[in-house]
Amino acid sequence: MRPLLDYAAIVSQPVGLEEVLASRDSRAQRQKVLREKTGCPVITLSLNLPGAIKRTPLSSFFFDRELAWLKLILGRLGALLEAEWIGQGVGGDEAVLAVSGLPAEALKSLTLEQELRKEASRLLDLDVQDQAGRPLKRVGRGLAPRTCLLCDQPAVVCSSRRAHPLEQLTRKVNDLLAAYAAGILADEVAGLAAEASAFELMVAPKPGLVTCRDSGSHDDMDRFTFIRSQASLIKYYRQSFLLGWEPGPGLEEKAVRLRHLGLEAEGTMEEATGGVNTHRGWIYSSGILLLAVGEYLAGVFTPPGPGNLFDFLASRTAGIARSLEETVLGTPHFYLLSRRLNASPCPAGVREEALGGFPSLFDLGLPVLRRALEAGDDENTAGQRTLLALLARVSDSTLQKRAGEEGAEAIRELVVERLGSDQLVEAASGLPAAGLGHLMEELSERFTREGLSCGGVADLLAASRFMERLGRLLVTDL
């Protein structure tokens, strides 16, 4: 499957009737070649797109994912893919698969199910031919003819009469494809956010923080509290991403809606944990990031694309954070929330980070984590390096509350001293693994003994993991 950023490079070009007919002839020849080569029935996958544009970034994304689904299910059913042809002809994306292990009737049954599994699946054109080249038709299998995209009439009737304007058909197709892509990507990105939060929990030891090994300096939560909390946030991740994906609302409206989603997520979290705040800072940070990621990925399907991922996110998250601050002041029903959030003269901690476009994430946490993984560190060691670098720089509000401003600054200075340099990316990346482990154990013992914690740093560790995984999603095969 192609990397996501490749879709931004797809150029939509109109094709004429002669080219479409020639493409059909070429497809028939490929079907014949694969049948004769393998002696197997063949499945042909293409798309039914009205009008002269037969290939767009969204249609190719849909085609690729549906082809991947079909091949996956065939494999899980025990069928074998004996030969395949996949290409982008003038008629659009298409694939021909020669399959053994299942008779043609079984393959037709599967493709009919695939045409029903999602709303956009009605755009699929899935043909099955047996070994002799005989096509298996829908007719005679108790299935109603395919209906029109815009009404309840048979599609063939509306098509022959040109019953609907092409512009309406095209808009409907684009809406179906966009909704399909949004749903698929919302699931994948929400999964990355959930994995990032779990990654932060699993890295151990960490100073004062809950891990898979112990509860650090916390006596009101443990790893099971975290698991319940993490599971409760998956819906919030999807909603935040989809809010970013929406093309209509302006930033102010999105900020108000994101604030509502965040408040709901906090309530859901506390229901899951019995009132314990395990992830309030992560709810705030991840919501902003996910909204921005939704906007970015929507832009991937609008050539020439939205540019560099991390540059876009740094700029956009700062704008979202500013709107969150402004709307909490200007929205009447946020009055009490505004008083609580603005009790101090200026935003601090994670709010300060967000307003700056998460500099500690993009300039420090993410580079350290990527370097460590590329250098061959295991994930736990890479996570510890990242957390240590963040601890040396970030003004963590949790740590300041527990240690005081002077105490928190003293800890940051100690970490910089032990790293041997204030060039934190290089220092954290170059620290020998044995020295790293010893320092983390020492800090963990001290934090637990003194009742210290660094929740803001933990959230930035999770965010670093989220960004690292998102970068791989965009530029590597899934």
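Residues numbered from 1 in each chain as written. Predicted model: local features only at pLDDT ≥ 70, side-chain atom pairs only at ≥ 80, totals over all residues. Heavy atoms only, no water.

## As for empty space enclosed by the protein
Here comes step 1: Scanning all chains against the criterion turns up three cavities of 30 Å³ or more.
Here comes step 2: If you add up the space inside the largest cavity, you get close to 60 Å³.
Here comes step 3: Lining the largest cavity we find Gly 349, Val 350, Glu 353, Val 394, Ser 395, Asp 396, Ser 397, Gly 456 and Leu 460.
Here comes step 4: The residue makeup of the lining of the largest cavity, split by class, is three nonpolar, four polar and two charged.
Here comes step 5: Put simply, the second largest cavity is a space of about 40 Å³.
Here comes step 6: Considered class by class, the residues forming the lining of the second largest cavity number two nonpolar, three polar and two charged. (1 Å grid on protein atoms, 1.4 Å probe; cavity = no way out; pocket = protein on both sides within 12 Å on 5 of 7 lines; lining within 4 Å. Points joined across faces, edges and corners; volume = space filled by probe spheres on them. Nonpolar A, V, L, I, M, F, W, Y, C, P; charged D, E, K, R; others polar.)

## Quick word on the side chain of Gln 384
Here comes step 1: Mapped onto the fold, Gln 384 is located in helix 14 (residues 379-393).
Here comes step 2: Residue Gln 384 is classed as buried on the basis of its relative accessible area, which comes to 5%.
Here comes step 3: Reaching out from Gln 384, the side chain makes a polar contact with the backbone oxygen of Ala 204 at a distance of 3.4 Å.
Here comes step 4: Every residue in contact with Gln 384, bar those within four places of it in the chain, is listed here: Val 203, Ala 204, Pro 205, Leu 436 and Met 440. (Helix = DSSP H or I, 4+ residues; strand = E, 2+ residues; numbered from the N terminus. Buried < 20%, exposed > 50% of the residue type's maximum accessible area, 1.4 Å probe, protein only. Polar contact = N/O pair within 3.5 Å; in protein donor to acceptor, adjacent residues only side chain to side chain. Contact = heavy atoms within 4.5 Å.)

## Quick notes on the packing of aromatic side chains
Here comes step 1: Applying the stated criterion to the full structure yields 10 aromatic pairs.
Here comes step 2: Look at Phe 61 and Tyr 180: their rings are 6.4 Å apart centre to centre, the planes differ by 75°, and that puts the pair in the edge-to-face class. One end of the pair, Phe 61, is in helix 2 (residues 57-76); the other, Tyr 180, is in helix 5 (residues 166-202), and 119 residues separate them in sequence.
Here comes step 3: Exposure remark for Phe 61: the relative accessible area of 1% places this residue in the buried category. (Phe/Tyr/Trp six-rings, centres within 6.5 Å; stacked < 30°, edge-to-face > 60°.)

## Considerations on the confidence of the model for the chain
Here comes step 1: Overall, the prediction assigns the chain a mean pLDDT of 93, with 98% of residues at 70 or greater.
Here comes step 2: When mean pLDDT is compared element by element in the chain, helix 7 (residues 234-245) scores highest at 98, while helix 4 (residues 155-161) scores lowest at 80. (pLDDT = per-residue confidence, 0-100.)

## Concerning the pairing of strand 1 (residues 42-47)
Here comes step 1: Extensive coverage of strand 1 is indicated by the burial of six of its six residues.
Here comes step 2: Along strand 1, one buried face is formed by Val 42, Thr 44 and Ser 46 and the opposite face, lined by Ile 43, Leu 45 and Leu 47, is buried too.
Here comes step 3: Relative to strand 3 (residues 92-100), strand 1 is paired through four bridges, and the arrangement is antiparallel. By the bridge assignment for strand 3, Ile 43 is matched with Leu 97.
Here comes step 4: Inspection of the sheet shows strand 1 paired to strand 4 (residues 124-129) by six bridges, in the antiparallel sense. Bridging from a neighbouring strand, Leu 45 pairs with Leu 126 of strand 4. (Pairing = 2+ DSSP bridges.)

## Observations regarding the pattern of salt bridges
Oppositely charged side chains can form a pair if their charged atoms are brought close together.
Here comes step 1: Taken as a whole and assessed by the stated rule, the structure comprises 31 salt bridges.
Here comes step 2: Among the ionic pairs, Glu 195 bridges to Arg 465, the shortest N-O distance being 2.8 Å. Of the two residues, Glu 195 sits in helix 5 while Arg 465 sits in helix 18 (residues 455-475), which places them 270 residues apart along the sequence.
Here comes step 3: For Glu 379, the salt bridge goes to Arg 465, with nearest N and O atoms at 2.9 Å. On the criterion of sequence distance, the pair formed by Glu 379 in helix 14 and Arg 465 in helix 18 is long-range, its members being 86 residues apart.
Here comes step 4: The class for Glu 379 is partly exposed, based on a relative accessible area of 41%.
Here comes step 5: On the accessibility criterion, Arg 465 (2% relative accessible area) is buried.
Here comes step 6: The network of salt bridges with shared partners includes Glu 195, Glu 379, Arg 465, Glu 468, Arg 469 and Arg 472. (Salt bridge = Lys/Arg side-chain N within 4 Å of Asp/Glu carboxyl O.)

## Digging into the packing of helix 7 against helix 9 (residues 280-300)
Describing two packed helices takes the angle between their axes plus the distance from one axis to the other.
Here comes step 1: Where helix 7 meets helix 9, the axes come as close as 6 Å, and the angle between the chain directions of the two elements is 40°. Relative to helix 9, helix 7 is oriented oblique. Where helix 7 crosses over helix 9, the handedness of that crossing is right-handed. Residues Tyr 236, Tyr 237, Ser 240, Phe 241, Leu 243, Gly 244 and Trp 245 of helix 7 form the contact with helix 9, whose own contacting residues are Trp 282, Ile 283, Ser 286, Gly 287, Leu 290, Leu 291, Val 293, Gly 294, Glu 295, Leu 297 and Ala 298.
Here comes step 2: Looking at side-chain class alone, the contact of helix 7 with helix 9 contains 12 nonpolar, five polar and one charged residues. (Axes fitted to C-alpha atoms, helices over the stretch in contact; angles between N-to-C directions. Parallel < 35°, antiparallel > 145°, perpendicular 65-115°, else oblique. Left-handed = near helix turned anticlockwise from the far one by under 90°.)

## With respect to the nonpolar core
Here comes step 1: Core analysis: the biggest nonpolar cluster contains 121 residues, and Leu 297 and Met 467 have the highest contact counts within it.
Here comes step 2: Apart from residues no more than four positions distant in its own chain, Met 467 is found in contact with Leu 289, Val 293, Phe 310, Leu 313, Leu 361, Phe 362 and Leu 366. (Core = buried A, V, L, I, M, F, W, Y, C linked by side-chain atoms within 4.5 Å.)

## Section: the layout of surface pockets
Here comes step 1: The computed volume of the second largest pocket comes to approximately 1,300 Å³.
Here comes step 2: For the second largest pocket, the lining is made up of 45 residues, of which Asn 277, Arg 280, Gly 281, Val 350 and Ser 397 are closest to its centre.
Here comes step 3: Looking at the lining of the second largest pocket, the elements with two or more residues in it are helix 8 (251-273), helix 9, helix 10 (309-330), helix 11 (335-341), helix 12 (350-355), helix 15 (397-419) and helix 18.
Here comes step 4: Here the lining of the second largest pocket takes six residues from helix 9, the largest share from any one element.
Here comes step 5: Broken down by class, the residue content of the lining of the second largest pocket amounts to 19 nonpolar, 14 polar and 12 charged.

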